[in-house]
Amino acid sequence: MTKHPTAQHQTPKLRRLRHRQRNTVLALAGTLYASGALAAPSVYPTGVTRYDPAKTFNSYVLFTGGDNIAHLIDMNGNSVHEWKDAASHSTLIDPALTGGKLGHVLVTLELTDGKGTDLIPGQINRRVSKTIGELDWDGNAVWRFGDKAPGGAAQQHHDWARLPNGNTAVLANWVHPVKGFKPKPVIDDVVYEVNPAGEVVWKWVASEHLNEFGFSQAELKLVRNSAIADVFHTNNLKPVGPNRWYAAGDKRFAPENLLFDARNANFIAIIDRHSGKIVWRLGPHYPATSEENHPRNVPRPVDQISGQHDAHIIPEGLPGAGNLLVFDNQGVAGYPPAVVPRTGGSRILEIDPIQNQIVWQYTAEDSGSPAWSFRSTNISSARRLPNGNTLIDEGQSGRFFQVSKDGEIVWEYVNPYPKQGKNSLTGKPTSSPAVYRAQPVPYSWVPAGTPHSENPVAVPETAKAKPAS
């Protein structure tokens, strides 16, 4: 486990000093970074940029930064605990699935060279995951998967989930020729169910279910002749979980079934855990949309999604439980590509999965900003909180924020741990604040004595909207 000397070992006095320094920086830099700004200036504040404790659901947040550290931050942005993560998909594990042990996470332990893919679709022969694992609070690996995987490498990408039976669902790549496909090979998506011994006990392969994804014959031709090998680009995988639809008798929503979304193929679907067949699907067909006809009224039929991420059924006990929550990136996706507004932004959609109706949404317009000011055409996430707020990760800009049901931003944070690199063409240094996913973490998830602070952060006057004269 890596302990960050400027965060993990801060004294309370030093924490208070850093908090005052951060507020000073924000006051000076308010003109540089108004809430919701998308086109980033060359200099802008990082850390917590606004915070109203009375309106926020107060918790920790888990994410992996560009420093390959999984950070557990508090509401004031202090990194209170850290784990090494060779990739960017750190995920908390519910203590109910670890025998009551607190503070366990899934991370990537080791990368290797191989034929796989990362977050950039269609690119092969890159670094891929060799070994993934479960780390305890002290950073010890208590479970691993990789050496017993097909080909000797996990090739996990994007997502994973601990299951109630103690096994782990792993979303992985399988690079192989698929009959009838132009790309040779295809970067296929596969789901492994892996037991505690690291052995695969169940497998599901996307290309084997191509005819269940809802494509017309003309669209299937486009899929098979894709210009890129990463034909489906599945980017999340979660158990459906207990829900009101199954309780009412709809077996499609059995808690053990698996929900996933395919970004490049532009649909969301549920896999029946017993038959392996697709039993529910949203997409891949949607109406064309534009700046003029992107509606905002709710409820309404699902008008369109494109390039979505983090689709999941809102868990029981949370507002909107049983509905589908998804970060609708509005990035280019689909066969053929969905029509997206040229100047539009991303959206968070809450969808009744039985009626296929949008029952709640968030766009930047709900916060008083132009739609294009909230935009991330790839990565990103959205999670419902117990008080009805929603935690959003605008992934490309590394900006996390909580919004109330009516769109008020009550907490905001900008990732201060960018990924440093070098441009392959110019040789110049690069810096990216992008964050794949941000997850809310309840205070009860950590061992007793773990610190957290809840000091308000005021919005500088220069960043506040002023009424028109």
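This part is about the overall build of the protein chain. A count of helical and extended segments in the protein chain gives 3 helices and 28 strands. In the protein chain, once contacts between residues fewer than 6 apart in sequence are set aside, the share between residues at least 24 apart is 59%. As displayed, the protein chain has an accessible area near 19600 Å², and 55% of this comes from carbon and sulfur atoms.

With respect to the helices, strands and loops of the structure, Pro442 is situated in the segment after β28 (439–441). For the pair Pro442 and Val61, spaced 381 residues apart in sequence, the C-alpha separation works out to 8.4 Å. Dropping the residues within four chain positions of it, Pro442 is found in contact with Ser59 and Tyr60.

Here we come to the side chain of Thr91. Assignment of secondary structure puts Thr91 in strand β5 (residues 91–92). Under the relative-accessibility criterion, Thr91 is labelled buried at 7%. At 2.8 Å, the side chain of Thr91 forms a polar contact with the side chain of Trp160. Side-chain polar atoms of Thr91 contact the side chain of Arg437, separated by 2.9 Å. If near-sequence neighbours (up to four positions away) are discounted, Thr91 is found in contact with Leu62, His104, Val105, Leu106, Asp159, Trp160, Arg437 and Gln439.

A word on the confidence of the model for the protein chain. On average, residues of the protein chain carry a pLDDT of 89, and 86% of them reach 70 or more. For the stretch residues 1–37, pLDDT sits under 50, and the model shows 69 contacts to residues farther than four places along the chain or on other chains. Confidence drops under pLDDT 50 across residues 117–122; counting only partners more than four residues distant or on other chains, this segment forms 25 contacts.

Looking now at the pairing of strand β9 (residues 156–162). When a strand is regular, its side chains alternate between the sheet's two faces. Counting buried positions over the 7 residues of β9 gives 7, a clear majority of the element. Here β9 pairs with strand β10 (residues 168–176) via 4 bridges, running antiparallel. In the sheet register, Ala161 faces β10, and the bridge partner there is Ala169. In this structure, the hairpin formed by β9 and β10 is closed by a connection of 5 residues, where Gly166 is found at a positive phi of approximately 95 degrees.

Among the nonpolar cores identified, the biggest contains 27 residues, and Trp204, Leu210, Phe213, Phe215, Phe232, Phe260 and Phe267 are the most heavily contacted of them. Elements represented by at least two residues in this core include exactly β10, β11 (186–194), β12 (200–205), α2 (217–224), β14 (258–262) and β15 (267–271). In this view, Phe267 contacts Phe213, Phe215, Phe260, Asp261, Ala262, Arg281, Leu282, Gly283, Pro284, Tyr286 and Gln308; residues no more than four positions away in its chain are not counted. With 18 residues, the next largest nonpolar core counts Phe253, Ala311, Ile313 and Leu349 among its residues.

Pairing is antiparallel in the open sheet, where 4 strands are placed in the order β4-β3-β2-β28. Both outer strands of the open sheet, β4 (79–84) and β28, are each paired with one neighbouring strand and no more. Pairwise comparison of adjacent strand axes, ignoring direction, gives a mean angle of 25 degrees for this sheet. Pairing geometry for strand β2 (residues 60–64) and β28, over 3 bridges, is antiparallel. The partner of Val61 across the bridge, within β28, is Pro440.

Cis geometry is found at the peptide bond from Val298 to Pro299, where omega equals -5 degrees. When you line up the elements, Pro299 lands in the loop between β16 (278–282) and β17 (300–301).

A few words now on the environment of His81. Its location among the elements puts His81 in strand β4. Using a relative accessible area of 2% as the deciding quantity, one classes His81 as buried. His81 sits 22 residues away from Gly103 along the chain, and the two C-alpha atoms are 9.6 Å apart. Polar contacts involving the side chain of His81 include one to the main-chain carbonyl oxygen of Trp137, which spans 2.6 Å.

Each value, and the rule that gives it
Residues numbered from 1 in each chain as written. Predicted model: local features only at pLDDT ≥ 70, side-chain atom pairs only at ≥ 80, totals over all residues. Heavy atoms only, no water. Helix = DSSP H or I, 4+ residues; strand = E, 2+ residues; numbered from the N terminus. Contact = heavy atoms within 4.5 Å. Areas by Shrake-Rupley, 256 points an atom, 1.4 Å probe, with all protein chains shown as cover. Buried < 20%, exposed > 50% of the residue type's maximum accessible area, 1.4 Å probe, protein only. Polar contact = N/O pair within 3.5 Å; in protein donor to acceptor, adjacent residues only side chain to side chain. pLDDT = per-residue confidence, 0-100. Pairing = 2+ DSSP bridges. Core = buried A, V, L, I, M, F, W, Y, C linked by side-chain atoms within 4.5 Å. Axes fitted to C-alpha atoms, helices over the stretch in contact; angles between N-to-C directions.

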